[in-house]
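Residue-level listing of the chains:
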Amino acid sequence: MSRQPDVTVVVAVYNTMPYLTTCLESLVGQTIGLDRLEVVAVDDGSTDGSGAELDRFAARYPDTVRVLHQANSGGPAAPSNLGLDHARGRYVFFIGSDDHLGPEALERLVAAADRWESDVVLGRMVGTNKRYVHQAIYASTAEQVDLFDSELPWSLSNTKLFRRDLVERHGLRFRTDMPMGSDQPFTLEACFRATKVSVLADYEYYYAVKRENAQNITYASRFEERLRCAEELVGFVAGLIEPGPRREAVLLRHFSWEVAKLLRAEFLELSPDVQQHVHDRIRKLAEAYLTEGVLARMARDVRVRVAVARDGDLAQLRELIRQQSDKVLPEVTVEDGRWYAHHVGFRDPAFGYPDDWYDITDQAAKALANLTATGLDWGRDATGARALVVTARSRWAELSELSAEAIEVSVGELAGVTSVAPDGTGTVVRTDFAMDRLLAVVAANGERRVVRAKVTALGGTASAPLRTDRRVAAPRLLARHGVRFHLVTPTTNHKGQVIVAITPVTPGRFLARLRRIWPSGGK
């Protein structure tokens with residue numbers, strides 16, 4: 001290549017076949033053109049044929065693709081650094097070797113960087129195969145975003161366009177001592193040093209792939225590595241950014257994501273001595289850097305979790321994680337129309353946390369909509385017509401205080417006539433479904449309708465299927481609607497959900513049933 005390319009794409013490769021082929025094809029097929037593009041791929045000791053695939057592309061595109069081979073280094077940092085050392089482009093772009101780009105990605109990114117004189121440009125990333133990609137930063141195209149006043153700290157992967165002069169001027173390289181997360185300090189410092197960071201949300205630039213075997217390093221990493229990653233990231237931020245709101249804006253991400261994710265249900269599966277070791281290290285980190293400014297901006301459940309990790313003992317931390325992992329709400333206090341969960345620390349003077357940390361009013365409708373079915377019966381509604389009667393119970397006495405319009409129980413799209421009554425500490429819910437209405441609209445081949453409850457309360461609306469912890473059913477009933485007959489079967493499915501199965505009785509089905517009852521033949 002005689003002239004300087006506009007962009008060098010660095011690809012660190014370790015055992016990513018067959019995804020690697022798709023990645024490389026997406027690069028050589030870029031609309032920016034081969035004459036403006038350089039690909040520097042580093043094979044980090046692959047054993048699955050990835051090295052040979054790289055050599056094949058280098059042979060086909062000798063003026064564009066360069067391949068370097070090295071012994072396995074144990075992570076993406078060393079090969080990324082080696083690729084960066086050999087880059088010649090005005091800009092450099094990093095791509096995971098199991099990911100791929102949209103055809104116009106590099107052309108659009110370079111054009112934007114030149115037009116706006118940007119040092120860093122983010123192009124919209126999307127996940128494939130259910131890979132999660134934080135999307136907030138891609139809400140709209142922006143010529144300039146502020147690291148400390150945007151969602152940028154939540155998108156610190158290195159899969160961006162960087163002005164290479166910025167990278168070399170500040171000696172930016174990847175942390176080879178971090179088996180995972182090594183790209184975040186690089187990206188963070190680049191954005192911190194940049195004169196302008198831009199975002200393009202007008203195109204799907206980058207496709208982040210979750211492999212079928214889920215072996216991306218992020219997914220396969222061990223607990224200890226994740227803990228060390230969290231410590232290193234928090235320490236790096238503290239060393240780069242002065243104390244105060246700007247540092248807190250970045251630390252919010254690391255405490256909410258890397259640290260808080262260590263304190264989920266999987267923590268309870270660790271041995272007690274390892275739990276204590278992890279807790280001690282997280283508490284030390286939180287005591288040093290978890291400021292009130294960071295806590296104030298956190299989501300409530302995460303805020304309580306990291307605060308208890310800082311201020312409580314291991315038994316209290318374990319209990320809180322159990323409470324937050326449980327799908328059933330703990331005891332609540334209802335005062336002045338607000339709901340407060342009795343999670344660890346609630347109104348405990350030893351912690352001194354404010355009530356609003358435990359405010360779950362926005363979850364009240366969801367809690368009230370979770371009903372436990374207790375009976376399915378055939379009876380009569382208020383008009384005396386044949387009806388399916390569904391009874392259920394709620395643990396919440398507050399449900400009986402709502403207006404009739406606030407509670408709806410339905411079979412498919414059909415809403416029944418519902419009444420509620422207090423029952424000790426809870427509420428009994430009864431709903432009548434008139435048979436004529438159940439049969440009014442039935443698909444030709446019949447259908448199975450789930451029974452659901454919908455509740456509107458305290459500014460929210462939520463719905464959930466009726467469930468039961470034991471099988472409930474009503475006798476199958478033969479019913480007529482006009483000239484047609486149907487079998488109606490109220491029962492529960494394999495998920496414990498209450499359903500109503502409605503099956504048209506055709507002549508063929510009727511004869512088949514007769515044959516089962518009175519089989520032909522004789523002695």
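Shown above is the structure to which this text applies.
Computed from a predicted model, the values in this text were never measured in an experiment.

K.L.:
How should the overall build of the protein be read in this particular structure?
P.N.:
The number of helices and strands found in the protein is 16 helices and 23 strands. A compact globule built from 523 residues should have a C-alpha radius of gyration of about 24 Å, whereas the protein, at 30 Å, is more than 25% larger. Taken along the three principal axes of its C-alpha coordinates, the protein extends 90 × 70 × 50 Å. Long-range contacts, defined here as pairs at least 24 residues apart, represent 71% of the contacts in the protein between residues at least 6 apart. For the protein, the computed accessible surface area is about 24600 Å², with 50% contributed by carbon and sulfur atoms. Positive and negative charge centroids in the protein, built from 66 and 68 side chains respectively, lie 9 Å apart.

K.L.:
Please clarify how the sheet that holds strand β7 (residues 125–128) should be interpreted in this entry.
P.N.:
Adjacent strands of a sheet form backbone hydrogen bonds with each other and so pair up, either parallel or antiparallel. The strand order across the open sheet formed by three strands is β5-β10-β7, and the pairing between neighbours is mixed. The sheet terminates laterally at β5 (100–101) and β7, the two strands that pair on one side only. Bridge analysis of β7 against strand β10 (residues 206–209) gives four bridges, and the strand direction is parallel. Looking across to β10, one finds that T128 is bridged to V209.

K.L.:
Please explain the pattern of salt bridges as it appears in this structure.
P.N.:
Any two side chains of opposite charge can pair, so long as their charged atoms come close to each other. Under the definition given, this model contains 35 salt bridges. Among the salt bridges present, the one from D85 reaches R173, with a minimum N-O distance of 3.0 Å. Remark: R173 occurs in the loop between α5 (164–169) and α6 (183–193) and D85 occurs in helix α3 (residues 77–85); sequence separation between them is 88 residues. Here R173 falls in the partly exposed class, since its relative accessible area comes to 28%. Ionic pairing is found between R347 and E335, a salt bridge with its closest N-O pair at 3.0 Å. Here the residue R347 occupies a position in the loop between β12 (338–341) and α14 (364–369), and E335 occupies one in strand β11 (residues 332–335), the gap between them amounting to 12 residues. Since its relative accessible area comes to 40%, R347 is described here as partly exposed. Owing to a relative accessible area of 34%, E335 belongs among the partly exposed residues under this scheme.

K.L.:
What is the right way to read the layout of surface pockets from this model?
P.N.:
Vacant regions in the atomic arrangement are exposed by a probe of water-molecule size rolled over the atoms. Size it by volume and the second largest pocket reaches roughly 1000 Å³. Only α9 (245–259), α12 (300–311), α13 (314–325), α14 and β14 (386–394) provide two or more residues apiece to the lining of the second largest pocket. Here the element with the most residues in the lining of the second largest pocket is α12; it accounts for five residues. When the residues that make up the lining of the second largest pocket are grouped by side-chain class, the tally is 17 nonpolar, nine polar and 13 charged.

K.L.:
Would you take a moment to explain the packing of helix α8 (residues 223–240) against α9 for this structure?
P.N.:
Geometrically, a packed helix pair is captured by the angle between its two axes and the distance between the axes. Closest axis-to-axis distance for the α8/α9 pair is 10 Å, and the angle between their directions is 180°. Classified by the interaxial angle, the pair formed by α8 and α9 is roughly antiparallel. Packed against α8, whose contacting residues are A230, L233, V234, V237 and A238, the element α9 presents R247, V250, L251, H254, F255, E258 and V259 at the interface. The residue makeup of the contact of α8 with α9, split by class, is nine nonpolar, one polar and two charged.

Reading guide: rules and limits
Residues numbered from 1 in each chain as written. Predicted model: local features only at pLDDT ≥ 70, side-chain atom pairs only at ≥ 80, totals over all residues. Heavy atoms only, no water. Helix = DSSP H or I, 4+ residues; strand = E, 2+ residues; numbered from the N terminus. Rg over C-alpha atoms; globule rule 2.2 N^0.38 Å. Contact = heavy atoms within 4.5 Å. Areas by Shrake-Rupley, 256 points an atom, 1.4 Å probe, with all protein chains shown as cover. Lys, Arg positive; Asp, Glu negative; His and termini not counted. Charge placed at Lys NZ, Arg CZ, Asp CG, Glu CD. Pairing = 2+ DSSP bridges. Salt bridge = Lys/Arg side-chain N within 4 Å of Asp/Glu carboxyl O. Buried < 20%, exposed > 50% of the residue type's maximum accessible area, 1.4 Å probe, protein only. 1 Å grid on protein atoms, 1.4 Å probe; cavity = no way out; pocket = protein on both sides within 12 Å on 5 of 7 lines; lining within 4 Å. Points joined across faces, edges and corners; volume = space filled by probe spheres on them. Nonpolar A, V, L, I, M, F, W, Y, C, P; charged D, E, K, R; others polar. Axes fitted to C-alpha atoms, helices over the stretch in contact; angles between N-to-C directions. Parallel < 35°, antiparallel > 145°, perpendicular 65-115°, else oblique.

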